[in-house]
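Read off the chains here:
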Amino acid sequence: MSVSSSQSAASRNLKIGIVGFGPFAQFLAKTMIRQGHILTATSRSDYSELCASLGISFFRDVNAFLEAENDVILICTSILSLQQVLNSMPLHHLKRPTLFADVLSVKEHPRNALLRVVPEDSDVLCTHPMFGPESGKDGWKGLNFMFERVRIRDEAICSSFLQIFDSEGCRMLEMSCEEHDKLAARSQFLTHTIGRTLAELDIQYTPIDTKRFETLVQLKEGTMKDSFDLFSGLFLHNRFAQQELQNLELALNKVKQKLVEKMNEEQDLNDSKDQEHSR
């Protein structure tokens, strides 16, 4: 089913169970609640008070969470903790087939992990909202939302879930998890790597900054707001990231080599002038 046909499909309110109720999950939850969806949540940390204030049922008991007959179970864990969380979930407590979706920043890793543990009669949808609480604070219109229907039988529930983002004006991008990770290694991972490299250089604003330098400082500051766990997850669980890191090293060496060659040319030119003057 195409995105356009998902737009025309009758959307329904869903019961969505969130696994991992950190800042990004909280950010998504507010829009889902505004749209009329019913939310439940479970997390290693106790978010019962926050959930109560938002009208979300919080479960400390994972068994009870899985028995709550959610239409969708939305995985919002960190990349590094995903496998451990999935392994700890007693999925035999599910009452009926369920759509499992994730919002992690890498895609082949959660796809493979979900296919290993999710019951055969449940569906799998891999997604990556390419925005967060800062970039999406004024709305999601025009922001990228990537997804792959990995294993979908219940098109109605899948389409209703995608409609959450489509109806907010997201740019819906259907692509394979492999293609996503190839592109993300060159864009998101590279951005984080350069930002953290600039942080190691400890670049700061100066009285004579150009606009381009100000952009670099902003990149550094924005990158450092994300955890190192996220950065290392982008590297460890994207098989294309290591090659991009090597490409970055090679590119820096090429630039350095060009500068050295230019420096040697200048030196040779100065030496030849000195020899002419000495004659």
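Analysis parameters
Residues numbered from 1 in each chain as written. Predicted model: local features only at pLDDT ≥ 70, side-chain atom pairs only at ≥ 80, totals over all residues. Heavy atoms only, no water. Helix = DSSP H or I, 4+ residues; strand = E, 2+ residues; numbered from the N terminus. Rg over C-alpha atoms; globule rule 2.2 N^0.38 Å. Buried < 20%, exposed > 50% of the residue type's maximum accessible area, 1.4 Å probe, protein only. Contact = heavy atoms within 4.5 Å. Areas by Shrake-Rupley, 256 points an atom, 1.4 Å probe, with all protein chains shown as cover. Lys, Arg positive; Asp, Glu negative; His and termini not counted. Charge placed at Lys NZ, Arg CZ, Asp CG, Glu CD. Pairing = 2+ DSSP bridges. Axes fitted to C-alpha atoms, helices over the stretch in contact; angles between N-to-C directions. Core = buried A, V, L, I, M, F, W, Y, C linked by side-chain atoms within 4.5 Å. pLDDT = per-residue confidence, 0-100. Phe/Tyr/Trp six-rings, centres within 6.5 Å; stacked < 30°, edge-to-face > 60°. Right-handed = clockwise from strand over helix to strand, strands pointing away.

A closer look at the overall build of the protein
Across its full length, the protein holds 11 helices and 8 strands. Computed over its C-alpha atoms, the radius of gyration of the protein comes to 24 Å, more than 25% above the 19 Å expected for a compact globule of 279 residues. Counting all 279 residues of the protein, 43% fall into the buried class. Of the contacts made within the protein by residues no fewer than 6 positions apart, 71% connect residues no fewer than 24 positions apart. Per element, the accessible surface of the protein, about 15200 Å² overall, is 52% carbon and sulfur. Side chains of the protein give 31 positive and 38 negative charges; the mean places of these two sets differ by 2 Å.

A word on the environment of Met146
Here Met146 is to be found in strand 7 (residues 144-151). You can call Met146 buried: its relative accessible area is 1%. Linking Met146 and Met175, residues 29 residues apart in sequence, is a C-alpha distance of 6.9 Å. Those residues within four positions of Met146 in sequence are excluded, and the remaining contacts are Lys107, Cys126, Thr127, His128, Leu173, Met175, Ser176, Cys177 and His180.

A word on the sheet that holds strand 2 (residues 38-42)
Strand pairs in the sheet, formed through backbone hydrogen bonds, run parallel or antiparallel to each other. Sheet architecture is open: 8 strands sit in the order 3-2-1-4-5-6-7-8, paired in mixed fashion. Two strands lie at the open edges of the sheet, namely strand 3 (57-58) and strand 8 (171-174), each paired on one side alone. As judged from the 4 bridges shared by strand 7 and strand 8, these two strands associate in the parallel manner. Counterpart to Phe147 in the pairing with strand 8 is Glu174. Relative to the sheet, helix 7 (residues 155-166) contacts strand 1 (15-19), strand 4 (72-75), strand 5 (99-102), strand 6 (123-129), strand 7 and strand 8, its axis offset from that of strand 7 by approximately 170°.

Observations concerning the nonpolar core
Residues Ile16, Ile18, Met32, Leu74, Leu125, Phe161 and Phe165 are the most contacted members of the largest nonpolar core, which totals 35 residues. Elements with a contribution of two residues or more to this core: strand 1, helix 2 (23-34), strand 2, strand 4, strand 5, strand 7 and helix 7. Ranked by residues supplied to this core, first place goes to helix 7 with 6 residues. When neighbours within four sequence positions are excluded, Leu74 is seen to be in contact with Ile16, Gly17, Ile18, Val19, Met32, Ala101, Asp102, Val103 and Phe161. Formed by 25 residues, the second largest nonpolar core is a distinct cluster that contains Leu114, Cys177, Phe189 and Ala241.

Description of the confidence of the model for the protein
On average, residues of the protein carry a pLDDT of 95, and 96% of them reach 70 or more. Under a pLDDT of 50 for its full length, residues 4-9 has, in the predicted model, 8 contacts with residues more than four places off or in other chains.

Notes on the packing of aromatic side chains
Tallied over the entire structure, the rule returns 13 aromatic pairs. The interplanar angle of 25° and the centroid separation of 5.8 Å between the aromatic rings of Phe189 and Phe235 together place this pair among those described as stacked. Taken together, the residues span a long stretch of sequence, with Phe189 in helix 8 (residues 177-201) and Phe235 in helix 10 (residues 228-236) at a distance of 46 residues. Phe189 gets classed as buried once you look at its relative accessible area, which sits at 3%.

Topic: the pairing of strand 7
Taken across its 8 residues, strand 7 has 6 buried, putting it largely inside the fold. Of the pairings in the sheet, the one linking strand 6 to strand 7 comprises 6 bridges and is antiparallel in character. Bridge assignment links Cys126 to a residue of strand 7, and that residue is Glu148. Note that the unit made of strand 7, helix 7 and strand 8 has a crossover that is right-handed.

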